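This is what each chain is made of:
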Amino acid sequence: QVQLVESGGGLVQPGGSLRLSCAASGSIFSINTMGWYRQAPGKERELVAAITSGGSTNYADSVKGRFTISRDNAKNTVYLQMNTLKPEDTDVYYCNADIATMLHGRRDYWGQGTQVTVSS
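Residues numbered from 1 in each chain as written. Predicted model: local features only at pLDDT ≥ 70, side-chain atom pairs only at ≥ 80, totals over all residues. Heavy atoms only, no water.

Draft legend 1. Seen up close, the pairing of strand S5 (residues 46-51). As paired elements, strand S4 (residues 30-39) and S5 share five bridges and run antiparallel to each other. Looking across to S5, one finds that arginine 38 is bridged to glutamate 46. Linkage of S4 to S5, two consecutive antiparallel strands, is achieved through a turn of six residues, within which glycine 42 is found at a positive phi near 80 degrees. Linking S5 to strand S6 (residues 57-59), which pair antiparallel, is a turn of five residues; within it glycine 55 sits at a positive phi near 100 degrees. (Pairing = 2+ DSSP bridges. Helix = DSSP H or I, 4+ residues; strand = E, 2+ residues; numbered from the N terminus.)

Draft legend 2. Seen up close, the packing of aromatic side chains. Under the counting rule described, the total for this entry stands at one aromatic pair. Between the aromatic rings of tyrosine 37 and tryptophan 110, the centroid separation amounts to 5.0 Å while the plane-to-plane angle is 65 degrees, which identifies the pairing as edge-to-face. Separated by 73 residues along the polypeptide, tyrosine 37 in strand S4 and tryptophan 110 in strand S10 (residues 105-110) bring together distant segments of the chain. When the ring centre of tryptophan 110 is taken as reference, the NZ or CZ atom of arginine 45 above it lies at 4.6 Å. (Phe/Tyr/Trp six-rings, centres within 6.5 Å; stacked < 30°, edge-to-face > 60°. Lys NZ or Arg CZ within 6 Å of the ring centre and 35° of its normal.)

Draft legend 3. Representation of the sheet that holds strand S1 (residues 3-7). With antiparallel pairing, four strands are arranged side by side in an open sheet as S1-S3-S8-S7. For this open sheet the edge positions go to S1 and strand S7 (67-72), each flanked by a neighbour on one side alone. Between one strand and the next, the sheet's axes are offset by a mean angle of 15 degrees, whatever the strand orientation. (Axes fitted to C-alpha atoms, helices over the stretch in contact; angles between N-to-C directions.)

Draft legend 4. Molecular detail of unusual backbone geometry. Phi is positive for asparagine 76, close to 50 degrees, though the residue is something other than glycine. Residue placement: asparagine 76 occurs in the loop between S7 and strand S8 (77-82). The exposure class assigned to asparagine 76 is partly exposed, which follows from its relative accessible area of 25%. Of note, threonine 84 is a non-glycine position whose phi angle comes to about 45 degrees, a positive value. You can call threonine 84 partly exposed: its relative accessible area is 45%. (Buried < 20%, exposed > 50% of the residue type's maximum accessible area, 1.4 Å probe, protein only.)

Draft legend 5. View of the state of the cysteines. Under the criterion given, the structure shown has one disulfide. Cysteine 22 shares a disulfide with cysteine 95; S-S distance 2.1 Å. Note on the cysteine 22 and cysteine 95 pair: the S-S dihedral is about -80 degrees, so by sign convention the disulfide is left-handed. In this pair, cysteine 22 sits in strand S3 (residues 18-25) while cysteine 95 sits in strand S9 (residues 91-101), placing the two residues 73 residues apart along the sequence. Since its relative accessible area comes to 0%, cysteine 22 is described here as buried. (Disulfide = S-S within 2.5 Å.)

As structure tokens, this is what we get:
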């Protein structure tokens, strides 16, 4: 059983910073791409940032220059450093990981979501 556990969300003022963390645990054989998505009520889930096992990154245009994704492969953890936050960044943020296990092979896993609210 694989679990992704997120932490670090909360309320922050515009211009502030938050750091999200997501740790994968369970019977993991390997982890490929890890990423962060966000979703507002009534809208589709959208990619915020992703990072491959080799460290290549991809960002949504709306967060380039403000957000930084990183990972610690030894800890099976991915991070999202969010700076210069704007009210439009308010969403539920979800961790995603492409994980291979001996039992289920390779598939996508999702975290439970963490709320980020940017407001004065």
